[in-house]
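Overview (structure and organization)
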6 protein chains.
Amino acid sequence: MTATMTPTTAPPALSPAAVGLGQNGAVREIIRLALAEDLGRGDLTTEATVAPDATATAEIRQKAPGVLCGLPVAELVFAALDPRVRVTPVAEEGSWGDGRPVARIAGPARAILSGERTALNFVQRLSGVATASRRAAEIVAGAGATVLDTRKTTPGQRVLEKYAVRVGGCRNHRAGLDDGILIKENHIRAAGGITAAVGAARRRTPPMGLVEVEVTDLAELDEAIAAGADVVLVDNADPDGLRAAVARAAGRVRLEASGGVTLANLAEVARTGVDYVSLGALTHSAGALDFSLLVG
Amino acid sequence: MTATMTPTTAPPALSPAAVGLGQNGAVREIIRLALAEDLGRGDLTTEATVAPDATATAEIRQKAPGVLCGLPVAELVFAALDPRVRVTPVAEEGSWGDGRPVARIAGPARAILSGERTALNFVQRLSGVATASRRAAEIVAGAGATVLDTRKTTPGQRVLEKYAVRVGGCRNHRAGLDDGILIKENHIRAAGGITAAVGAARRRTPPMGLVEVEVTDLAELDEAIAAGADVVLVDNADPDGLRAAVARAAGRVRLEASGGVTLANLAEVARTGVDYVSLGALTHSAGALDFSLLVG
Amino acid sequence: MTATMTPTTAPPALSPAAVGLGQNGAVREIIRLALAEDLGRGDLTTEATVAPDATATAEIRQKAPGVLCGLPVAELVFAALDPRVRVTPVAEEGSWGDGRPVARIAGPARAILSGERTALNFVQRLSGVATASRRAAEIVAGAGATVLDTRKTTPGQRVLEKYAVRVGGCRNHRAGLDDGILIKENHIRAAGGITAAVGAARRRTPPMGLVEVEVTDLAELDEAIAAGADVVLVDNADPDGLRAAVARAAGRVRLEASGGVTLANLAEVARTGVDYVSLGALTHSAGALDFSLLVG
Amino acid sequence: MTATMTPTTAPPALSPAAVGLGQNGAVREIIRLALAEDLGRGDLTTEATVAPDATATAEIRQKAPGVLCGLPVAELVFAALDPRVRVTPVAEEGSWGDGRPVARIAGPARAILSGERTALNFVQRLSGVATASRRAAEIVAGAGATVLDTRKTTPGQRVLEKYAVRVGGCRNHRAGLDDGILIKENHIRAAGGITAAVGAARRRTPPMGLVEVEVTDLAELDEAIAAGADVVLVDNADPDGLRAAVARAAGRVRLEASGGVTLANLAEVARTGVDYVSLGALTHSAGALDFSLLVG
Amino acid sequence: MTATMTPTTAPPALSPAAVGLGQNGAVREIIRLALAEDLGRGDLTTEATVAPDATATAEIRQKAPGVLCGLPVAELVFAALDPRVRVTPVAEEGSWGDGRPVARIAGPARAILSGERTALNFVQRLSGVATASRRAAEIVAGAGATVLDTRKTTPGQRVLEKYAVRVGGCRNHRAGLDDGILIKENHIRAAGGITAAVGAARRRTPPMGLVEVEVTDLAELDEAIAAGADVVLVDNADPDGLRAAVARAAGRVRLEASGGVTLANLAEVARTGVDYVSLGALTHSAGALDFSLLVG
Amino acid sequence: MTATMTPTTAPPALSPAAVGLGQNGAVREIIRLALAEDLGRGDLTTEATVAPDATATAEIRQKAPGVLCGLPVAELVFAALDPRVRVTPVAEEGSWGDGRPVARIAGPARAILSGERTALNFVQRLSGVATASRRAAEIVAGAGATVLDTRKTTPGQRVLEKYAVRVGGCRNHRAGLDDGILIKENHIRAAGGITAAVGAARRRTPPMGLVEVEVTDLAELDEAIAAGADVVLVDNADPDGLRAAVARAAGRVRLEASGGVTLANLAEVARTGVDYVSLGALTHSAGALDFSLLVG
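Computed from a predicted model, the values in this text were never measured in an experiment. (Residues numbered from 1 in each chain as written. Chains lettered and ligands numbered in written order. Predicted model: local features only at pLDDT ≥ 70, side-chain atom pairs only at ≥ 80, totals over all residues. Heavy atoms only, no water.)

Attention now goes to the pattern of salt bridges. Scanning the model with the defined rule gives 78 salt bridges over all chains in all. Residue Asp38(D) is joined to Arg158(C) by a salt bridge in which the shortest nitrogen-to-oxygen separation is 2.6 Å. With one member in each of two chains, Asp38(D) in helix α1 (residues 25–39) and Arg158(C) in helix α5 (residues 158–168) form a pair that bridges those chains. Arg158(C) carries the same exposure label as Asp38(D), and that label is buried. Connected through salt bridges with shared partners, the residues Glu29(A), Arg32(A), Glu29(B) and Arg32(B) form a single ionic network. (Salt bridge = Lys/Arg side-chain N within 4 Å of Asp/Glu carboxyl O. Helix = DSSP H or I, 4+ residues; strand = E, 2+ residues; numbered from the N terminus. Buried < 20%, exposed > 50% of the residue type's maximum accessible area, 1.4 Å probe, protein only.)

The structure is reproduced here in structure tokens:
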């Protein structure tokens, strides 16, 4: 048996398939929902003023400094309206820029005009997330810690926002509640303590997989380690508290700093020796980056 | 025939039905999508650590200053997981506050824990939008202009964000491309000019309905008025330009200022005499307001 | 093992369950589609003018002579909007009347007003179909033939229109292309003749089931009988032609008259001795019967 | 920036895209529903008698006088079954004719035979609606009034029937309950009078948009005008009543005549000076126009 | 009118279209569900280790003796992931074999690897059903009876398993509860006896269609025949009992043996003179046949 | 903050909620699909012979020795047909038995008869899987290894079959391709070797998560360990090979034996010292266990 895997030229470098979004059912669903909510019964203005057989070319421009992210989603938006629309990237997904064309579009004029706002609504937000992620990644570069996102994402767009976090240069924590065990304070209380909760998780969940536990002080950290946790989330600790946890853990578990972290104190937190720093602001408070679509 | 419409005590004041969200298919779809993306195959941690028949009470707290918005959506989120969960508001939808409990929750513990993040993800964003809208509404109070939102909304959440804009105190522009004629620069070019575009819109769209046209200077404003536009969007004009447009229009059409408006210059724009000021930042750049859910 | 089937008083006599419509997925889908196309993003007028907690009573009235049909569908329409709406029939499904109340409605005022048009759009059409069916059934009463409907139904409403045909007093032909073999002229040509087509059908379709074949003259009738057809559709024959076919068949197959039948010649066709007469006009040309919904 | 909108030859003149139907989600849904209800688990007869690789040509013929409407829907029906089927119009959508071929079809024989009935069921109804609409449009030609449809449409087919109304030559009233304010008697009563209802509508609905109010006499007309209505629907008035309303309104509001209008009295109503006449019969009582599909 | 049906070379002999599966909505739904449950948020391993533009060739091999069945389903699985994947059968659907290649696959490497398990999960089960069906068909060959399947199928895969039964050489009983009347013991009791039940079925169901009744002894057989049954299911009778039933029926009804039949006694049962033998084990207990997919 | 989690008596011990199935979207989808494929346009026989308001009681009986599994699914099936049906377990989910009643059912007779076959089709298969899993668990009891299932499950029922595996006493491997990294031979080849593949997985996948690698000999095992694998799947090794792998790994990685394992050699494999043994036959070849539903 000989491997015959060879490169094909079919999909362009930034296509939806290339970044793994095109086959994702959740991506198709949010695009469908976004188009449906904008189009309703149809684009009255475009249908009245643009001939059905008119074609057009257009350009998407980035109008503010930041990381470009989401072109493959824009491509899927237009394809959902009319598969004849062609989106050709002229800037690279993940590149930093400002005041530049990022893609050229060609195809039926009606589909381009009707899809414009929905496509841009995705691109402006994902580029905002990627830009915030790039800033965080640069802050911790060299500090040894990895910046992770959280589940504080925009409803319906988690897979896209987690993609933007990666494009920006940070990495992903759990994709959802089914993607790993994270025992939080409420679970601990419900189970009757850290030891009981970790034990229940070990018995009742798939045996291959890590168990992470949230703790608030060193005593709980000790209990978590003794109970067999693989990762410990240290909640809302200041840098001194994190350093103490790192010292106490002594490599027996991985440590995640979470809560109260901002871009302002991220560098200091990252230098405490923790393995991970999670940052909800990557997704919940990243502003939109300005983009426009110009026909002509 | 005698009217027999009488108040019923069934739906509480802030229920989804009371604010018109409960029957909206698009709202149910985005909630379903949000829960599906978070739950995936199930909440591993909660199923492992919380007994299936445990009940709990919990509290949603607002942790930053702003307008509360989205409690009815949180109620729909929990109801989608388990109809036995009860959400009781203790602060009023649309009220301003900080550091306060806003709702009490009671019901099956598993559903409360599994729905927590999704519910908060909705509330934190909608409260952010309502807060930005409240600020804008206060700025223009007394100036005679109405602040409108735009279609620069979060994909899949337009109906919710437009609800938050109303809760905050501003009003809604078009709900979508089928909800009124707005002839923009690209349409004008495709139709061969303002006169042709307005004529096409009058001929081809439902006869009851206003026609709005985007213009960039006074000559275009003159042409739009002559062509029979009902509303004219003056694009990217400074206050002097807007005042000139108001003078030229002389009440023959309504005027909307759009583009380049921020909270910083909103007061001045609103005093130019235009009828409407549209502000994309109400929805695309409103930050999340911090909320937490605490069991106990 | 003792049978314990006993009547329950739960479902009222004309409920959706009683007539087998409530569990039908296709019925739920067309109702959902009908409400979605009417409500869109919401009932602007009702939400603006009717308090969310107002209740109302209303009456559906029949305003023209005919057979009442579709009340269970109206009940499903209102239930889809708000399960608290109660529909109480005061006339019997299938009864003939004019200028009379047929149902009383009570519940949340918004749901009653928002669902009014959709509910009536179903009832007016189904009552039209049932009325046409009643007329046809009366015409053939005593003639020995059974009047059947066809597949010339309103897209998306076949199961409802076939229900209305039964309510009116006629009976149903195939529910769809999967519901029995009917070899038409095009199939015969594609298969290379009647004998070949019947043979193919016998070999390739479930062995329990009748085979019906369309013929246009006596020679084809002979061939169909020889090939083993169970039922023969005699296409577009006049009464003399039908009588000749009845004589030739001599009870070896059942005969269906189809094509060119109207209420005007139905009596004569029914007396030719054929077993079935199929009548597309029962569904495709039945006019709407007028109904109104009055609050108060 | 130079406009580059140029005609493309890709979509033929009568394609679904050309008439704005192909991208409409509601159209795709009703087509899917119609095919599902007819095909069920599959077309037993065709699968038994037609070879899977057979191709065929066929012709759709119009068999009665009227306006052709719905060919693009037929094309979508066949495309949903098998994208290799080609539908080529030979008569123009919207043209009047009788006893003529209207389209040629070529492609896989199974798809043509399995889709025949569903395609024709759409075309026969839409052509009926367009024919009724053409008759109405001709009656009012020169009278100054515009004939509008209503919401008394076939459940699930509103967007198609409103398209047929336009093809026939009349125009569309509201597409649905979210498409404009129309305050009817029940709303007035719930709100506590015309003045209160119009005020509520002005306060609670998007500020750009007309407000229409239903009145039954001149006193209500006066109140509606004073309250600021843009359009007034005069319900069930005879021509004298309409003329009185026109005189009283004196151009301050647009007037719509509704109720009790038929093709017989339409000309007289249209000459009363009202702006609009709405006619439910365009959609709820238009009979089917006869069409056939012949292979060969 | 001349028939122009001619063979086309487009669809290969074993394509989904050729076997009638490609257009079946239920088939597409179960494939979508199967891919969704395996892929979840994406194929982590493949996305990490295989370049997005890599292509590959692969081979599906049969690793145990039996009837090949389900290649068209595998083709639909890969097409649902990426329409560029090509599946070329090298063994014939329905052929018996062992240790042989059955199909070659070429296309994007990611889609091939991500779809492998789902495709094989279908093929291994359907080949198991076809193999069991082939064995049963061979056992009864020459005995005059036809072996039928039952409704004891895998939820969600009935249409596929009934296809596999036909591929194997047996034939299909009812496709579902709407596909023919089969009055069982519970129905008889609810209706008040065989005579009443058959009468109700005759009156209330479409007049073209057979009525089958389940009986447990000769007295019930007599009653069923007298009541006008077309087919009688003799439940759980041994060969002597079946022979007695055949003698008593004397050709007045068709007889089906059901219950207690296994491959071990099938030959004897088939020789009793019954028309049909139904065998639930064809679908509910057929083991999976082993297949593998090898890249290279 | 005080925990107030207290037991509630609402959900019975074996309810769908109690076993985590009721909220699972995939479970609801396969149940919907299964009912749709059986009911089609409706249950002709039941609707003809059972009065709409008849109620009935019934009993589900286990007719062969094995582990009961799937009663909560049966409950969901009946609830999807009619929420008034009550299913009361009389044997415990997961218990071993034979020839015994396992549940009593009460409610509308039509829903019980129409749902019977679909409910049993789920229960018979899941009980078969749980029985096979119980046997495997008993074989390895005390041997130190854990038996895992695979992804060789019935399309559309993975979540149910993995539930049945747990009910039987074994544990779950990956739920799907997104639920952990498992680098197989094809991935290794595509990535250019084990070291490269593990490196790619570490860089491109979420940092919290184990990496498992498939190897075929000790050299590959060495490379996998050196590359940093957490778990190594030893493919198709005999017991001697597995013992050699255990010795070589020396606790540095966990080991999974996979391929060629049957119930016959499972005990020996489990005693080799591997951590996990995966067994596809738990799901792909478990026979159905016989159950019946008797009214009365």
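There is more to say, and it comes next.
In this section: the relation of the copies chain D and chain C. Between chain D and chain C, the superposition needs a rotation of 180° and an axial shift of 0.0 Å, giving an RMSD of 0.0 Å. Such values leave the two copies arranged in the relation of a two-fold axis. An overlap of 100% is found between the interface residues of chain D and their copies at the interface of chain C, pointing to a shared contact surface. (Least-squares fit on C-alpha atoms with pLDDT ≥ 70 in both. Contact = heavy atoms within 4.5 Å.)

Glancing now at the domain arrangement of chain A. In terms of domains, chain A is made up of domain 1 (16–138 + 287–295) and domain 2 (171–278). Placing a centre on the C-alpha atoms of domain 1 of chain A and another on those of domain 2 of chain A gives a separation of 38 Å. (Domains from an automatic or database assignment.)

Turning to the sheet that holds strand β7 (residues 146–148) of chain B, a few remarks are in order. Sheet strands pair by backbone hydrogen bonding; their relative direction is either parallel or antiparallel. Residue and element names in this part refer to chain B. Read across the sheet, six strands follow the order β7-β12-β11-β10-β9-β8 without closing on themselves; strand pairing throughout is parallel. Both edges of this open sheet fall to β7 and β8 (181–183), since each of them pairs with a single strand only. When strand polarity is set aside, the average angle formed by the axes of neighbouring strands in this sheet is 25°. Pairing of strand β11 (residues 254–258) with strand β12 (residues 276–278) involves three bridges; the strand directions are parallel. For alanine 257, the partnering residue across the bridge sits in β12 and is valine 277. Sitting on the sheet, helix α7 (residues 194–204) is in contact with β8 and β9 (211–215), with an inclination near 160° to β9. (Pairing = 2+ DSSP bridges. Axes fitted to C-alpha atoms, helices over the stretch in contact; angles between N-to-C directions.)

What follows deals with helix α8 (residues 218–227) of chain E. Residues and elements named next belong to chain E. Taken residue by residue, α8 has Leu221, Ala224 and Ile225 as its buried positions. With its buried residues spanning 95° around the axis, α8 presents them on a single face. Those residues of α8 that are exposed and angled more than 90 degrees off the buried face are Ala219 and Ala226. For α8, the secondary structure elements touched by its buried residues are α7 (194–204), β9 (211–215), β10 (231–235), α9 (239–249) and β11 (254–258). Between a side-chain oxygen at the N-terminus of α8 and the backbone nitrogen of alanine 219 the separation is 3.2 Å; the capping residue is aspartate 217. In the stretch just after α8, glycine 228 is the one whose phi turns positive, near 100°. (Arc of directions from axis to C-beta. Polar contact = N/O pair within 3.5 Å; in protein donor to acceptor, adjacent residues only side chain to side chain.)

Counting from both sides, the interface comprises 61 residues of chain D and, opposite them, 62 residues of chain C. With both chains or domains summed, chain D and chain C bury close to 5000 Å², and 53% of this area falls on carbon and sulfur atoms. When the buried area of chain D at its contact with chain C is split by residue, Glu37(D), Pro155(D) and Leu177(D) rank highest and sum to 14% of it. Counting every contact that joins chain D to chain C gives six salt bridges. At the boundary of chain D with chain C, the tally comes to 34 residue pairs in polar contact (both at pLDDT 80 or more). Mapped onto the side of chain D that touches chain C, the elements with two or more residues apiece are α1, α2 (44–49), α4 (109–140), α5 (158–168), β8 (181–183), α6 (185–191), α7 (194–204) and β13 (291–295) of chain D. Of the residues that constitute the side of chain D that touches chain C, the class distribution is 24 nonpolar, 20 polar and 17 charged. (Buried area = accessible area lost by both parts, 1.4 Å probe. Nonpolar A, V, L, I, M, F, W, Y, C, P; charged D, E, K, R; others polar.)

This part is about the environment of Arg41(B). When you line up the elements, Arg41(B) lands in the loop between α1 (25–39) and α2 (44–49). Looking at Arg41(B), the relative accessible area reads 26%, which means it is partly exposed.

Residues and elements named next belong to chain F. The geometry of helix α4 (residues 109–140) relative to helix α5 (residues 158–168) is characterised by a closest axis approach of 7 Å and an angle of 40° between their N-to-C directions. With respect to α5, the axis of α4 lies oblique. You can see that α4 and α5 cross each other, and the crossing is right-handed. The residues of α5 that touch α4, namely those facing Phe122, Arg125, Leu126, Val129, Ala130, Ser133, Arg134 and Ala137, are Leu160, Glu161, Ala164, Val165, Val167 and Gly168. In the contact of α4 with α5, the residues fall into nine nonpolar, two polar and three charged. (Parallel < 35°, antiparallel > 145°, perpendicular 65-115°, else oblique. Left-handed = near helix turned anticlockwise from the far one by under 90°.)

Before going further, it helps to examine the sheet that holds strand β8 (residues 181–183) of chain E. Residues and elements named next belong to chain E. One open sheet accounts for six strands, arranged β7-β12-β11-β10-β9-β8; its pairing is parallel. The open sheet has two edge strands, β7 (146–148) and β8, and neither has a second partner. Each strand axis lies, on average, 25° off the axis of its neighbour in the sheet, ignoring direction. Bridge analysis of β9 against β10 gives four bridges, and the strand direction is parallel. Looking at the pairing, glutamate 214 lines up with leucine 233 of β10. Set on the sheet, α8 makes contact with β9, β10 and β11; between it and β9 the angle comes to about 165°.

So, about helix α3 (residues 71–81) of chain F. Summarising burial for α3(F): eight of the 11 residues are buried, a large majority. Of all the residues in α3(F), the buried ones are Leu71(F), Pro72(F), Val73(F), Ala74(F), Leu76(F), Val77(F), Phe78(F) and Leu81(F).

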